[in-house]
Amino acid sequence: MTTYSLPALSYEFNALEPHIDQRTMEIHYGKHHQTYVSNLNAALEGQDALQAKSLEELLSNLDEVPEQIRTAVRNNGGGHLNHSLFWEVIAPASANTPSGELAEAMNKAFGSFDEFKQQFTAAATTRFGSGWAWLVVDKEGNLKVTSTPNQDNPIMDGERAILGLDVWEHAYYLNYQNRRPEYISNFFSIVNWSVVADKFANNN
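Residues numbered from 1 in each chain as written. Predicted model: local features only at pLDDT ≥ 70, side-chain atom pairs only at ≥ 80, totals over all residues. Heavy atoms only, no water.

**Details of the overall build of the protein**
Of regular secondary structure, the protein possesses 9 helices and 3 strands. Counting from the amino terminus, the protein carries its helices and strands in the arrangement α-α-α-α-α-α-β-β-β-α-α-α. Taking 17 Å as the expected radius of gyration for a compact globule of 204 residues, we find that the protein reaches 17 Å, a close match to that expectation. Principal-axis analysis of the C-alpha atoms places the extent of the protein at approximately 50 × 40 × 30 Å. Split into buried and exposed, the 204 residues of the protein put 47% on the buried side. (Helix = DSSP H or I, 4+ residues; strand = E, 2+ residues; numbered from the N terminus. Rg over C-alpha atoms; globule rule 2.2 N^0.38 Å. Buried < 20%, exposed > 50% of the residue type's maximum accessible area, 1.4 Å probe, protein only.)

**Description of the environment of Ala72**
Within the element layout of this structure, Ala72 appears in helix 4 (residues 67-88). With relative accessibility at 28%, the residue Ala72 sits in the partly exposed group. Between the alpha carbons of Ala72 and Tyr36 there is a distance of 9.3 Å; along the sequence they are 36 residues apart. Sequence-distant contacts of Ala72, that is, excluding residues within four places in its chain, are made with Ala43 and Gly77. (Contact = heavy atoms within 4.5 Å.)

**What to know about helix 9 (residues 193-201)**
All of the buried residues along helix 9 are Trp193, Val195, Val196, Lys199 and Phe200. Across the axial projection of helix 9, the buried residues extend over an arc of 155°, all falling on one side. On its buried side, helix 9 packs onto helix 4, helix 5 (100-110), helix 6 (113-126), strand 1 (131-137), strand 2 (143-149) and strand 3 (160-166). (Arc of directions from axis to C-beta.)

**So, the nonpolar core**
If you look at the biggest cluster of nonpolar residues, it comprises 62 residues, and the most contacted ones within it are Phe116, Leu143 and Leu163. The contacts of Phe116, once residues within four sequence positions are left out, are Met106, Phe110, Leu135, Val145, Leu163, Phe188 and Trp193. (Core = buried A, V, L, I, M, F, W, Y, C linked by side-chain atoms within 4.5 Å.)

**Things to note about the sheet that holds strand 2**
As summarised here, the arrangement of the 3 strands in space is 2-1-3, forming an open sheet in which the pairing is antiparallel. Where the open sheet ends on each side, the last strands, each with one partner, are strand 2 and strand 3. Pairwise comparison of adjacent strand axes, ignoring direction, gives a mean angle of 25° for this sheet. Alignment of strand 1 against strand 3, held across 6 bridges, turns out to be antiparallel. Residue pairing across strands places Ala133 opposite Leu165, the latter belonging to strand 3. Its contacts with the sheet place helix 9 against strand 1, strand 2 and strand 3, and it is angled at close to 150° to strand 3. (Pairing = 2+ DSSP bridges. Axes fitted to C-alpha atoms, helices over the stretch in contact; angles between N-to-C directions.)

**What about the packing of helix 6 against helix 8 (residues 180-187)?**
Interhelical geometry of helix 6 versus helix 8 gives an angle of 145° and a closest axis separation of 10 Å. The hand of the helix 6/helix 8 crossing is right-handed. Note on element contacts: helix 8 touches helix 6 through Arg180, Pro181, Ile184 and Phe187, opposite Phe120, Thr121, Ala124 and Thr125. Considered class by class, the residues forming the contact of helix 6 with helix 8 number 5 nonpolar, 2 polar and 1 charged. (Left-handed = near helix turned anticlockwise from the far one by under 90°. Nonpolar A, V, L, I, M, F, W, Y, C, P; charged D, E, K, R; others polar.)

Shown next, in the form of structure tokens:
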């Protein structure tokens, strides 16, 4: 049976400075993400059939989750999946632009990398309250920008996220306070485009 746990980080808590500060990383990863994991495990306790499924399977078929734990699985399972992706797609000293097949697909979908950045920034900036901005592969295999509220994940709509940005205040408030646009702009300096490219390739 599956017991979920925090994924290991491939960098130190201070490695993303000045874009994401050490204290925010410590709290975001060690407190917020850990709480989602703990709550998800608690919700699934005694649910052997559900524990046998992958997290992606659970979130893709929420109507199969008993109603009394469905919201807990949606919120905490989504929180775990979203944050696990987030830690993967950021890294210190990352290449600032994609290349290869991903770059070609982005140019086809958005016209240019700069246009993608504008659309992604708009999705992240205009997400009211808490949520996420995403670059996803849709059901037809095409790239598009979207956003979701709270801890919802695009997989709930049959789409696969390959890049995600957390715009909950806990992700940036210590360093940026109410300056979400500045946080979003700096995010592009730490995107690990090689990981995003691998995730795109695995969807095709």
